[in-house]
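Each chain, written out:
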Amino acid sequence: MARSANIERITKETQIKLSLEIDGKGEAQICTSVPFLDHMLDLFARHGLFNLKVEAHGDIDIDFHHTVEDIGIVLGTAFKEALGDKCGIRRYGQATVPMDETLASVATDLSGRPYLVYNVQLPKVKIGDFDVELVREFFQGFVNHCGANLHLNVMYGDNVHHIVEACFKAAARALDMATQMDSRIEGVMSTKGKL
């Protein structure tokens, strides 16, 4: 059975359509009206080997906040729906990714309990028109609606673009690991019998 989801979210601030295939090939079609986020979602799909389509329109004439946060919400919802009862998945995943002078690490637990640890020191600057403080808003929206623990740590780095890119790549690789099926697992990876 395909592990996939199609989610549509419409509010007064944003209109988002997202399609996710967990067992993909890293193919992406992204159009969010936020060019830097398009770049991050494209590499997220590629490095996690997820097939991802995102079409989003939002009140970007005000700023990018609602659009970025809501895409995180919809992506988290898609992962939750695509994973279903989570039977047979590894549940935990981790990845450490270098990007030139930067080193970022992500550990995740698809436990059903949302929690974000965000140890990323970023100056309040922009990459192009993108406020880097929105990276945290994206991941907070994601974990809240996926029901995941996500610990994101940047050990060191100077270039803000490299720091953010390493975070998205590490998150993708950790989620790829956590969502993998393991034939040795009967039911769910929990002594409670439910995630």
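Residues numbered from 1 in each chain as written. Predicted model: local features only at pLDDT ≥ 70, side-chain atom pairs only at ≥ 80, totals over all residues. Heavy atoms only, no water.

- In the annotation of an unreviewed UniProt entry, the protein chain is listed under the name Imidazoleglycerol-phosphate dehydratase and assigned to Geomonas diazotrophica.
- The record held by UniProt for the protein chain lists under Subcellular location (unreviewed entry) the comment "Cytoplasm".
- Under the UniProt heading Catalytic activity (unreviewed entry), the note attached to the protein chain is "D-erythro-1-(imidazol-4-yl)glycerol 3-phosphate = 3-(imidazol-4-yl)-2-oxopropyl phosphate + H2O". (UniProt positions renumbered as here; feature names shortened; annotations may be inferred.)

### A word on helix α4 (residues 160-179)
Part 1: Between the first and last C-alpha of α4 there are 29 Å, a value that for 20 residues agrees with the 28 Å anticipated at 1.5 Å per step.
Part 2: In terms of burial, α4 is largely enclosed, as 17 of its 20 residues are buried.
Part 3: Capping the start of α4 is the job of one residue whose side-chain oxygen sits 2.9 Å from the backbone nitrogen of His-161: Asn-159. (Helix = DSSP H or I, 4+ residues; strand = E, 2+ residues; numbered from the N terminus. Expected span 1.5 Å × (residues − 1). Buried < 20%, exposed > 50% of the residue type's maximum accessible area, 1.4 Å probe, protein only. Polar contact = N/O pair within 3.5 Å; in protein donor to acceptor, adjacent residues only side chain to side chain.)

### Details of the pattern of salt bridges
Part 1: One pass over the structure, following the stated rule, counts 7 salt bridges.
Part 2: Between Asp-23 and Arg-3 there is a salt bridge, with its nearest N and O atoms 2.8 Å apart. Here Asp-23 is found in the loop between β2 (14-21) and β3 (28-31), whereas its partner Arg-3 is found in the segment before β1 (4-10), with 20 residues between them in sequence.
Part 3: Residue Asp-23 is classed as partly exposed on the basis of its relative accessible area, which comes to 48%.
Part 4: For Asp-182, the salt bridge is made with Arg-184, and the minimal N-O distance between the two is 2.7 Å.
Part 5: Of the residues examined, Arg-184 reaches a relative accessible area of 70% and is grouped as exposed.
Part 6: Each member of the salt-bridge network shares a partner with another, and the members are Arg-90, Asp-182 and Arg-184. (Salt bridge = Lys/Arg side-chain N within 4 Å of Asp/Glu carboxyl O.)

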